[in-house]
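An overview of the molecular structure
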Amino acid sequence: MYATNQSRLTSEQIEQYRVEGYVIPEFKVFSDEKFQALVDHFNQKLDALPKGERPEAMDTPHLEDPKLFEWALAPEVLDIVEPLIGPDIHLFSTHFICKPKGDGRRVPWHEDSAYWKKTLSPVEVATVWLALDPSTRENGCMKVIPKTHNSGHKGYSDYHSVDTAKNVFDTEILPTQRRDERAQYVELKPNQCSLHDARLMHGSETNTSNMRRCGWTLRFCPSSSVIHTERRKFLHMYPARGRVLTDQPLGDPSRAYPEITAARRASRIKDH
């Protein structure tokens, strides 16, 4: 754990993240104007989705949309992340998870690290979950099971198959390896965020309300982490802050990579 003069987190919030595996700062991430510009940009992307494509599955949108780096690599975000993973930071991935009103699908209980075991070494990732809409119990906000990042299977639980007609992912942590009764709701206002460790168990329920629930996940890791060679055609690291500590190829935030998106679709790659 690191603290810097730039930290937007208090020492108590940093300690909660370390012990509980998550924290919910109460401040706005961006200015109102900058946040509204992000929401407007997302809405344009949502309107442009091909007919029939679910909005929960807007995975790695930054690969074809360099404008997103105006927010993803902004100091307002990096000053939240730095005290958790250190001063040398890479952006690993992003994902819009948009649950439409009425029929937004459930996110099964999972650990992000379980999806990245074959992709990243080490899997030391902090996720910023930025609320674009109100995220409440009624519209399917995220739930977490505290302290599971440092207990049990520590990010690599056993999974069973679930129905993809009802769930965003096709697998879920076995019930016998969870403690659902300990789950905590992560309710957020627009422009608020939560932070969670990649090994933490989390998920969310369906959205049957009359209000959309959209969040943007921003995944950051120390710049010493490496994408495995065989996976580099499906994903890039992007330098965000501080030193570059490996010789792996890095993405250029000024350009788009449609060829990577095409390779992911052809191979049905989903890193979550």
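Our subject in this report is the structure included herewith. (Residues numbered from 1 in each chain as written. Predicted model: local features only at pLDDT ≥ 70, side-chain atom pairs only at ≥ 80, totals over all residues. Heavy atoms only, no water.)

Enumeration over the complete set of coordinates arrives at one cavity of 30 Å³ or more. Along the wall of the largest cavity there are 14 residues; nearest its centre are Ile97, Val107, Trp129, Met142 and His202. For the lining of the largest cavity, the elements supplying multiple residues, two or more each, are β4 (107-110), β12 (201-204) and β13 (213-222). Its residues placed into classes, the lining of the largest cavity shows four nonpolar, seven polar and three charged. (1 Å grid on protein atoms, 1.4 Å probe; cavity = no way out; pocket = protein on both sides within 12 Å on 5 of 7 lines; lining within 4 Å. Points joined across faces, edges and corners; volume = space filled by probe spheres on them. Helix = DSSP H or I, 4+ residues; strand = E, 2+ residues; numbered from the N terminus. Nonpolar A, V, L, I, M, F, W, Y, C, P; charged D, E, K, R; others polar.)

By the definition in use, this model includes five aromatic pairs. Between Phe42 and Phe96, the aromatic rings sit 4.7 Å apart at their centres with planes inclined by 45°, giving tilted as the arrangement. Of this pair, Phe42 sits in helix α2 (residues 32-47) while Phe96 sits in strand β3 (residues 89-99), and the two are 54 residues apart along the sequence. Of the two residues, Phe42 and Phe96, neither departs from the other in class, the shared state being buried. Taking 5.1 Å as the distance between ring centres and 20° as the angle between the ring planes, the aromatic pair formed by Phe96 and Trp216 counts as stacked. (Phe/Tyr/Trp six-rings, centres within 6.5 Å; stacked < 30°, edge-to-face > 60°. Buried < 20%, exposed > 50% of the residue type's maximum accessible area, 1.4 Å probe, protein only.)

Next up on the list: the nonpolar core. Among the nonpolar cores identified, the biggest contains 42 residues, and Phe30, Leu132, Trp216 and Phe220 are the most heavily contacted of them. Counting only elements with at least two residues in this core, the list comes to α1 (11-20), α2, α3 (69-72), α4 (75-85), β3, β6 (126-131), β11 (193-197) and β13. No other element matches α4, which puts six residues into this core. (Core = buried A, V, L, I, M, F, W, Y, C linked by side-chain atoms within 4.5 Å.)

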